[in-house]
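Observations on chain architecture
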Amino acid sequence: MSFLIVLAALCFLMFVAYRGYSVILFAPVAALAAVVLTDPALVQPMFTGLFMDKMVGFLKLYFPVFVLGAIFGKLIEISGFSKSIVIVCGLLTYGGVSLFVVVFAVYPFAAELFRQSNIPKRLIPGTIALGAFTFTMDALPGSPQIQNIIPTSFFGTTSWAAPTLGVAGTVFILILGLSYLEWRRRAALKAGEGYAGSDPLLNEPEAFRGEKLAHPAIALLPLVLVGVSNYLFTVWMPGWYGTVTEFIPAVIGNPAPVVQETAKLGAIWAVQAALLVGILSVIALAWAPVVAAFAEGTKSAVSGAMLASMNTASEYGFGAVIAALPGFLVVANALGSIPNPLINEAISVTAMAGITGSASGGMSIALAAMADSFIANAQAAGIPMDVLHRVAAMASGGMDTLPHNGAVITVLAVTGLTHRQSYKDIFAITVIKTLAVFFIIGVYYATGLV
């Protein structure tokens, strides 16, 4: 019964998300309904002590990133840089920029490219998903995304673990993903569907108000600066702040000291600083058009960032509550019975990511609960820890993108599209990404390459 409660809560949230209802409203409703059916006495403690705590904790860490990313994307849009050059979002993702920031930054470029090529706008989310949520996130060795970093603390590996398998998975995802999107484009062309399609266009990038477009190299520069700055600040932050920063927040009274662990927060601070560099560079390089539309443009950017961050934070709270219920333990125990070590790990991680709607959250839960058994089974079978790392990382980015996933809701909100219009393409990319995990497992068993 406890398992059915968890399953019902998950299905309900996916249904309302797909139907276009607010996840900010229905994520707590779904989570608390599951708590009521499990133990009504825990409703208020679960809501205040777990759901709200996790939701606010997410906003505390990531709201500045959402806002700065939205402003950066809006300035790219009103500067006219999106009309000068189009860049794949993989450049930013592999450069270490948050996936949520990539959505804001890339959308103006994608919209302009799709409009000029008369490709249906509804294909943009699937294209962004392929570039930002797949191979650059956790397959390519050395990716600085959190999904590729979390396994290092469990398996004693580095972000460059199993490079051959990572590259093989990347090639698999790219070939199948691009083939699918090209098939969808050709089908739309054959049906006579253009950029606008049959639905009203929402959240369209603003028209460029300047007299002359920037040179493509100039338009590309802010994006390059964000990626490079993010790397440099990530390296420099520990030197500036040390491993821990502690200070007293007031000169009167007796307040408790504020303690910040640079090791945990340095990557987020680096992204914030890099986005500031990007924003300042756009202002400097396109002063006239940016200043003319800065006030209204930043208002809409901040509004979009608030909606996107609240959607994702609400999802984060939902996942935390579901993971605390007895039904979730039933799922975890069932997954642990799968005999093959790598298939066991892959299914466990991607299932947890799907249930929680979070790649990093699902993988963290799965590895915290099962890493010891994964390691023991792998050692008994002679499987290197690097292979465990790569399988876990790639599996986390599989079924996490179900309809209730925060990144999915964010990309749809930013592009002004709905689940009905675009989710089928995101889901197709998700299936390809999930299959890629089993592909690299097959490559490992067939060749022994790591």
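These notes cover the structure that comes with them. (Residues numbered from 1 in each chain as written. Predicted model: local features only at pLDDT ≥ 70, side-chain atom pairs only at ≥ 80, totals over all residues. Heavy atoms only, no water.)

1. Overview of the overall build of the protein chain
Helices and strands together make up the secondary structure of the protein chain, namely 19 helices and two strands. Taken against the 2.2 N^0.38 rule, which gives 22 Å for 450 residues, the C-alpha radius of gyration of the protein chain at 22 Å falls within 12% of a compact globule. Taken along the three principal axes of its C-alpha coordinates, the protein chain extends 70 × 65 × 45 Å. Scored against the burial criterion, the 450 residues of the protein chain give a buried share of 54%. The average position of the 20 basic charges and that of the 20 acidic charges among the side chains of the protein chain differ by 9 Å. (Helix = DSSP H or I, 4+ residues; strand = E, 2+ residues; numbered from the N terminus. Rg over C-alpha atoms; globule rule 2.2 N^0.38 Å. Buried < 20%, exposed > 50% of the residue type's maximum accessible area, 1.4 Å probe, protein only. Lys, Arg positive; Asp, Glu negative; His and termini not counted. Charge placed at Lys NZ, Arg CZ, Asp CG, Glu CD.)

2. Topic: the packing of helix α13 (residues 287-323) against helix α18 (residues 406-415)
With their axes 9 Å apart at the nearest point, α13 and α18 run at an angle of 160 degrees to one another. By the angle between their axes, α13 is roughly antiparallel relative to α18. Crossing of α13 against α18: the hand is right-handed. On α18, the residues touching Ala308, Asn311, Thr312 and Glu315 of α13 are Gly406, Ile409 and Thr410. Each residue belonging to the contact of α13 with α18 can be placed in one class, and the counts come to two nonpolar, four polar and one charged. (Axes fitted to C-alpha atoms, helices over the stretch in contact; angles between N-to-C directions. Parallel < 35°, antiparallel > 145°, perpendicular 65-115°, else oblique. Left-handed = near helix turned anticlockwise from the far one by under 90°. Contact = heavy atoms within 4.5 Å. Nonpolar A, V, L, I, M, F, W, Y, C, P; charged D, E, K, R; others polar.)

3. Let's talk about the pattern of salt bridges
Under the definition given, this model contains nine salt bridges. Across the salt bridge formed by Arg115 and Glu204, the nearest N and O atoms sit 2.9 Å from each other. Of this pair, Arg115 sits in helix α6 (residues 99-117) while Glu204 sits in the loop between α10 (163-190) and α11 (216-241); the two residues are 89 residues apart in sequence, bridging distant segments of the chain. Relative accessible area serves as the criterion here: at 24%, Glu204 is assigned to the partly exposed category. Where salt bridges share partners, they join Glu112, Arg115, Lys121 and Glu204 into one cluster. (Salt bridge = Lys/Arg side-chain N within 4 Å of Asp/Glu carboxyl O.)

4. Some words on the packing of helix α7 (residues 124-132) against α18
α18 packs onto α7 with a crossing angle of 135 degrees between their chain directions and a minimal axis gap of 10 Å. Put simply, α7 runs oblique to α18. The handedness of the crossing between α7 and α18 comes out as right-handed. Taking contact as the criterion, the partners of Ile124, Pro125 and Ile128 in α7 are, on α18, Val411, Leu412 and Thr415. In terms of residue class, the contact of α7 with α18 is built from five nonpolar, one polar and no charged.

5. Comments concerning the environment of Ala395
Structurally, the position occupied by Ala395 is in helix α17 (residues 385-396). By relative accessible area, which is 1% here, Ala395 ends up buried. Through-space distance from the C-alpha of Ala395 to that of Ser348 is 8.6 Å; in sequence the pair is 47 residues apart. Beyond its immediate chain neighbours, meaning those up to four positions away, Ala395 contacts Ala346, Val349, Thr350 and Val437.

6. Focus: a nonpolar patch on the surface
Together, Val224, Val228, Tyr231, Leu232, Val235, Trp236, Trp240 and Tyr241 make up an exposed nonpolar region whose accessible area comes to about 800 Å². In this structure, Val228 sits in helix α11. (Patch = residues over 30% accessible without salt bridge, like charges linked within 9 Å, V, L, I, M, F, W, Y side chains within 5 Å. Areas by Shrake-Rupley, 256 points an atom, 1.4 Å probe, with all protein chains shown as cover.)

7. Some thoughts on helix α14 (residues 326-335)
All buried positions along α14 are accounted for by Gly327, Phe328, Val331, Ala332 and Leu335. Seen from one end, α14 has its buried residues packed into an arc of 145 degrees, which puts them on one side. Pointing more than 90 degrees away from the buried face of α14 are the exposed residues Leu329 and Asn333. Residues of α14 that are buried sit in contact with α1 (2-18), α13, α15 (341-356) and α16 (359-381). (Arc of directions from axis to C-beta.)

8. Digging into the environment of Ala219
Checked against the element boundaries, Ala219 lands in helix α11. Taking the C-alpha atoms as reference points, Ala219 and Ile76, separated by 143 residues in sequence, lie 8.2 Å from one another.

In short, shape yes, function no, at least from these values alone.
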